[in-house]
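# Coordinate analysis (summary)
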Amino acid sequence: MLIINKKMLFVGLLSALFLNACNEMEQSKPAVQKAEKYTATSVLLSGKTQNGSSVDAVDEMQNVIASAAVENGRYKLEIPAQTKLPIVLRSGKLVSVVVDTELTRYDINDLTTKIAAAAKSLGGYTRQNMTLAASNSVNVPDANKTSTGFRGDPTSQYGGWH
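So, a few notes on the structure that sits alongside this text. (Residues numbered from 1 in each chain as written. Predicted model: local features only at pLDDT ≥ 70, side-chain atom pairs only at ≥ 80, totals over all residues. Heavy atoms only, no water.)

## Here's the deal with the pattern of salt bridges
For clarity, the cut-off: Definition used for salt bridges: Asp or Glu carboxyl oxygen within 4 Å of a side-chain nitrogen of Lys or Arg. Put simply, DSSP marks the helices as runs of H or I at least four residues long and the strands as runs of E at least two long, and each gets a number from the N terminus on. Summary of the burial criterion: residues with accessible area below 20% of their type's maximum are buried, those above 50% are exposed, and those between are partly exposed, where the area comes from a 1.4 Å probe applied to protein chains only.
Scanning all chains against the criterion turns up five salt bridges. A salt bridge links lysine 84 to glutamate 36; the nearest nitrogen and oxygen atoms lie 3.3 Å apart. One end of the pair, lysine 84, is in strand S6 (residues 84-85); the other, glutamate 36, is in the loop between helix H1 (2-28) and strand S1 (37-38), with 48 residues separating them in the sequence. One salt bridge connects aspartate 107 with arginine 105, and the closest N-O pair in it is separated by 3.2 Å. Residue aspartate 107 is classed as partly exposed on the basis of its relative accessible area of 25%. Because the salt bridges share partners, they merge into one network encompassing Glu36, Glu60 and Lys84.

Written as structure tokens, this is what we have:
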């Protein structure tokens, strides 16, 4: 009976050491630093919107950075230099998210609002989350997702090679 207790004690100590080592490994991982991005210069953003009479650019704290009137469904909005990204463009209840100012045309519609919501649910407005959210928001048949030729697979067009 004493031998069984020693074995149980050994197994218990070994388990505790293993769990403690796993816990220390988790704690010793460095926190992932999210590099903050800013606009280098002032940037003129433009696009179409389906809704609203104005477009507001807001930061993560919902502070208005800039506003512009919508004329004939279009807007032009100047973002000041050294503005922290991401920027959310709001037009009524619709939104579009600016994570990079290399692109300057941002339409604001139901699809951009859906993409923004999906990216936020993935952990926030990062380029990676926005890309993933956009690719999951568009219905494209699997056969069209490759770049090998007509509709993805040239051997299946018209039943084979011609």
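## Concerning the pairing of strand S2 (residues 43-48)
Where we set the bar: A pair of strands is treated as paired once DSSP finds two or more bridges between them.
Side-chain alternation along S2 places Val43, Leu45 and Gly47 on a buried face and Leu44, Ser46 and Lys48 on a face that remains uncovered. Direction of pairing for S2 relative to strand S5 (residues 74-79): antiparallel, over a ladder of six bridges. The residue of S5 that forms the bridge with valine 43 is isoleucine 79.

## Some thoughts on the pairing of strand S3 (residues 54-58)
As defined by bridge partners, S3 adjoins strand S4 (residues 64-69) across five bridges and the pair is classed as antiparallel. Considered in S4, the bridge of serine 54 is made with alanine 69. Taken together, S3 and the strand that follows it, S4, pair antiparallel across an intervening segment of five residues, in which glutamine 62 is found at a positive phi of about 70°. As defined by bridge partners, S3 adjoins strand S7 (residues 87-91) across three bridges and the pair is classed as antiparallel. If you follow valine 58 over to S7, its bridge partner there is valine 88.

## A closer look at the environment of serine 135
Our working rule: Pairing of N or O atoms within 3.5 Å defines a polar contact, subject to two protein rules: one partner must be a possible hydrogen donor and the other a possible acceptor, and residues neighboring in sequence count only if both atoms are side-chain atoms.
Inspection of the secondary structure assignment puts serine 135 in helix H3 (residues 127-137). The class for serine 135 is partly exposed, based on a relative accessible area of 45%. A sequence separation of 20 residues divides serine 135 from isoleucine 115, and the C-alpha atoms of the two residues are 8.9 Å apart. Polar side-chain contacts of serine 135 include one of 2.9 Å to the backbone oxygen of leucine 132.

## Re the nonpolar core
Which entries qualify depends on this criterion: Residues enter a nonpolar core if they are buried and are Ala, Val, Leu, Ile, Met, Phe, Trp, Tyr or Cys, with the set joined through side-chain atoms within 4.5 Å. Throughout, a residue-residue contact means that at least one pair of heavy atoms, one from each residue, lies within 4.5 Å.
Grouped together as the largest cluster of nonpolar side chains are 17 residues, with contacts concentrated most on Tyr75, Leu77 and Leu89. Examining the composition of this core, we find that three residues originate from one element, S5, more than from any other. If sequence neighbours within four positions are ignored, tyrosine 75 has contacts with Leu45, Ser46, Gly47, Lys48, Val55, Ala69, Val70, Leu89, Tyr106 and Ile108. Within the second largest apolar cluster, 11 residues are counted, among which are Ala116, Ala119, Tyr125 and Met130.

## Describing the layout of surface pockets
Quick reminder of the rule: With a 1 Å grid laid over protein atoms only, a set of points is called a cavity when a 1.4 Å probe fits there but cannot get out and a pocket when it is open yet has protein on both sides within 12 Å along at least five of seven lines; lining residues have an atom within 4 Å of a point. Grid points are joined across faces, edges and corners, and a volume is the space filled by probe spheres set on the points. The classification used treats Ala, Val, Leu, Ile, Met, Phe, Trp, Tyr, Cys and Pro as nonpolar, Asp, Glu, Lys and Arg as charged, and all other residues, Gly among them, as polar.
Considering only enclosed or pocket space, the largest pocket measures out at about 420 Å³ in volume. Forming the walls of the largest pocket are 17 residues, and the residues nearest its centre are Val97, Leu103, Tyr106, Met130 and Ala134. Elements represented by at least two residues in the lining of the largest pocket include exactly strand S8 (94-98), helix H2 (110-121) and H3. Its residues assigned to classes, the lining of the largest pocket shows eight nonpolar, four polar and five charged.

Structural measurements only, silent on function.
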